[in-house]
Amino acid sequence: MVKRWDVLALGRLGLDLYALEAGPKAETRAFGAFIGGNPLNVAVGAVRLGLKAGLVSAVGDDAVGEFVLARLAREGVDTRFVFLKAGHRTPAVVLFREGGTYPLTFYREAAADWALGLGDVAQVPVEETRALFVSGTALAREPSRSAAFALAERAKAQGVPVYLDLDFRPGQWHDPGAYGVVLRSFLPLVRVAIGGEGEVRALRPRSVQVRAHQATEPLVEGDLEGAVAEALGRGLEALVVKGGERGAGAFFPDGKRVWVEAFPVEVLTPLGAGDAFAAGLLWARLRGRPWEEALLVGNACGAIVASRLGCGEFSPTREELVAFLRERGFHVD
């Protein structure tokens, strides 16, 4: 079958308002308006690298939704499966930059993407994509949770690999402990899972603590090695673990591990770097590249975005990626 898309990404989207100046919150005057959300950023990043990507999500009947759809169209992301949900709102995120920290606030009350339902995903011809990418936050609420399960079940039945970004945002769950219960149930449908070390620990955590205003960086205590083993034991082909400034690795059921060091850059904001990493990893794997090269590409994309202000709209193009790697002695065509 000829595939219409390289990747379809399911889950959250929204408006990102990022402080354009660093300093105390009360003195911030200017914000930049961008688009964001884990699967949205991955879809945009994939398109910028030359893949055909679509988004499976929803917006509210509001001006913010119009803004998001217009920006997605400008980026070349297929939005035919971004549904309109009356009575719901297109969510937003506000980011400050204060003293080397990045206080972040989610506004997801009545979020439209959580209203994505079974009838919506039934319209998605998942067999026509080379990969399905699912954001873990899509599993936090119904009916989005059931929709994600249903689409992933169809994808697996059709031989379409499912990539899962663990995407742990504790404030988006009624109980952070529910995250592990639900994600563990979803893993048998997944071929490749991607997450930071804390997100992997959160599959079976001892405790979860949210640092002040750090909604995207919870402090999760738990047995990392045990969580890796359990995730791999649920049928994964590979578990990709992001280690921040240390790099990233791929872990396999047979005990093999591949680790690739990160690229040092001057960080402007780390938000969005992990999504760019996932886009780069997808790009490489869908081109049949080995895991070591896929991790290298992912690290490069993450480093580039970490040195920029925003997320998806700041993802590198293929030309920028190739130039970045060439400058550091690596060749990727």
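Everything below is about the structure shown above.
How each quantity is defined
The residue count restarts for each chain, going from 1 along the sequence in the order it is written. Per-residue local features of the predicted model are confined to residues with pLDDT of at least 70, and side-chain atom pairs are confined, for both listing and counting, to 80 or more; whole-chain, interface and lining totals are unaffected and use all residues. Remark: hydrogens and water are excluded; side-chain values derive from all non-hydrogen atoms of the structure. Between the rings of Phe, Tyr and Trp (Trp by its six-membered ring), a pair exists once the centres lie within 6.5 Å; its type follows the angle of the planes, with under 30 degrees stacked, over 60 edge-to-face, and the other angles tilted. Secondary structure elements follow DSSP: runs of H or I no shorter than four residues count as helices, runs of E no shorter than two count as strands, and numbering proceeds from the N terminus. Each residue is assigned to one of three classes by its accessible area relative to the maximum for its type, calculated with a 1.4 Å probe on protein chains only: buried under 20%, partly exposed between the two thresholds, exposed over 50%. By definition, being over a ring means that NZ of Lys or CZ of Arg is both within 6 Å of the ring centre and within 35 degrees of the ring normal. Strands were regarded as paired on the criterion that DSSP finds at least two bridges between them. Every axis corresponds to a line fitted to the C-alpha atoms, with the helix fit spanning only the stretch in contact, and the corresponding angles, defined between N-to-C directions, vary from 0 to 180 degrees. In this description, contact between two residues means that some pair of their heavy atoms is separated by no more than 4.5 Å. Under this definition, polar contacts are N or O atom pairs within 3.5 Å; protein pairs additionally need one hydrogen-donor-capable and one acceptor-capable atom, and for neighbouring residues in sequence, both atoms have to be side-chain atoms. Salt-bridge detection follows one rule: a side-chain nitrogen of Lys or Arg within 4 Å of a carboxyl oxygen of Asp or Glu. What the arc covers is the set of directions going from the helix axis to the C-beta atoms. A clockwise turn of the near helix away from the far one marks a right-handed crossing, whereas an anticlockwise turn of less than a right angle marks a left-handed crossing. For this scheme, ten residues count as nonpolar: Ala, Val, Leu, Ile, Met, Phe, Trp, Tyr, Cys and Pro. Four count as charged, namely Asp, Glu, Lys and Arg, and the remainder, Gly too, count as polar.

Chemist: Please clarify how the packing of aromatic side chains should be interpreted in this entry.
Modeler: To describe a pair of aromatic rings, you give the distance between the ring centres and the angle between the ring planes. Across all of its chains, the model carries 10 aromatic pairs by this definition. When the ring of Phe 168 is compared with that of Tyr 179, the centres are 4.3 Å apart and the planes differ by 40°; the resulting orientation is tilted. Placement of the pair is Phe 168 in the loop between β9 (162-165) and α5 (176-186) and Tyr 179 in helix α5, with a sequence separation of 11 residues. According to the relative accessible area criterion, Phe 168 is buried, its value standing at 1%. Ring centres of Phe 263 and Phe 324 lie 5.4 Å apart, and the angle between their planes is 80°; this geometry places the pair in the edge-to-face category. Placement of the pair is Phe 263 in the loop between β15 (257-260) and α8 (273-286) and Phe 324 in helix α10 (residues 318-327), with a sequence separation of 61 residues. The same class applies to Phe 263 as to Phe 324, namely buried. Connected via pairs of aromatic rings, a cluster forms that spans Tyr 18, Phe 34 and Phe 314. Directly above the ring of Phe 252 sits Lys 256, whose terminal nitrogen or CZ lies 5.9 Å from the centroid. We note Arg 328 situated over the ring of Phe 324; from NZ or CZ to the ring centre the distance is 3.6 Å.

Chemist: Explain the pairing of strand β2 (residues 14-19) to me, please; I cannot follow it from the model alone.
Modeler: Side chains on a regular strand alternate between the two faces of the sheet. Extensive coverage of β2 is indicated by the burial of 5 of its 6 residues. One ladder, built from 6 bridges, connects β2 with strand β3 (residues 31-36); its direction is antiparallel. Within β3, the residue paired with Gly 14 across the bridge is Gly 36. By the bridge criterion, 4 bridges tie β2 to strand β6 (residues 92-95) in an arrangement that is parallel. When the sheet's bridge partners are listed, Tyr 18 is paired in β6 with Leu 95.

Chemist: Please explain the sheet that holds β6 as it appears in this structure.
Modeler: The strands that make up a sheet pair up through hydrogen bonds in the backbone, lying either parallel or antiparallel. Sheet architecture is open: 4 strands sit in the order β3-β2-β6-β7, paired in mixed fashion. Each of the sheet's edge strands pairs with one partner strand only, and the pair in question is β3 and β7 (104-107). Going across the sheet, the axis of each strand differs from the next one's by a mean of 20°, ignoring polarity. Packed onto the sheet, helix α2 (residues 63-75) meets β2 and β3 and runs at close to 70° relative to β3.

Chemist: Explanation requested: the environment of Val 220 in the structure shown.
Modeler: Note on placement: Val 220 falls in strand β12 (residues 219-221). Along the sequence, Val 220 and Gly 198 sit 22 residues apart, while their C-alpha atoms lie 5.3 Å from each other. The contacts of Val 220, once residues within four sequence positions are left out, are Phe 168, Gly 198, Arg 201, Ala 202, Pro 205, Ser 207 and Val 208.

Chemist: Help me understand α5, please; the structure alone is not making it clear to me.
Modeler: Within an α-helix, residues lying three or four positions from one another point in the same direction, as the helix has 3.6 residues per turn. Among all positions of α5, only Ala 178, Tyr 179, Gly 180, Val 182, Leu 183, Arg 184 and Phe 186 are buried. Sitting at the head of α5, Asp 175 places a side-chain oxygen 2.8 Å from the backbone nitrogen of Gly 177.

Chemist: Help me understand the pattern of salt bridges, please; the structure alone is not making it clear to me.
Modeler: A side chain of one charge can pair with a side chain of the opposite charge when the charged atoms of the two come close. Throughout the structure, instances matching the rule amount to 24 salt bridges. By sharing partners, the salt bridges in this structure join Arg 12, Asp 167, Arg 169 and Glu 199 into a single network.

Chemist: I would appreciate a short explanation of α10 in the present structure.
Modeler: Of all the positions in α10, only Leu 321, Val 322, Phe 324 and Leu 325 are classed as buried. The arc that holds the buried residues of α10, viewed along the axis, is 160°, so those residues lie on one side. For α10, the exposed residues lying more than 90 degrees away from the buried face are Glu 319, Arg 326 and Glu 327. Turning to α10, the residues buried within the fold contact α8 and α9 (291-306). Directly beyond the C-terminal end of α10, a positive phi value near 90° is found at Gly 329.

Chemist: Help me out: how do you make sense of the packing of α8 against α9 in this one?
Modeler: Running from N to C, α8 and α9 cross one another at 145°; their axes reach a closest spacing of 7 Å. For α8 against α9, the interelement crossing comes out right-handed. Residues Ala 273, Ala 276, Phe 277, Gly 280, Leu 281, Trp 283, Ala 284 and Arg 285 of α8 form the contact with α9, whose own contacting residues are Trp 291, Ala 294, Leu 295, Val 297, Gly 298, Asn 299, Cys 301, Gly 302, Val 305 and Ala 306. Among the residues forming the contact of α8 with α9, the class breakdown is 13 nonpolar, 4 polar and 1 charged.

Any functional reading would require information beyond the geometric quantities listed.
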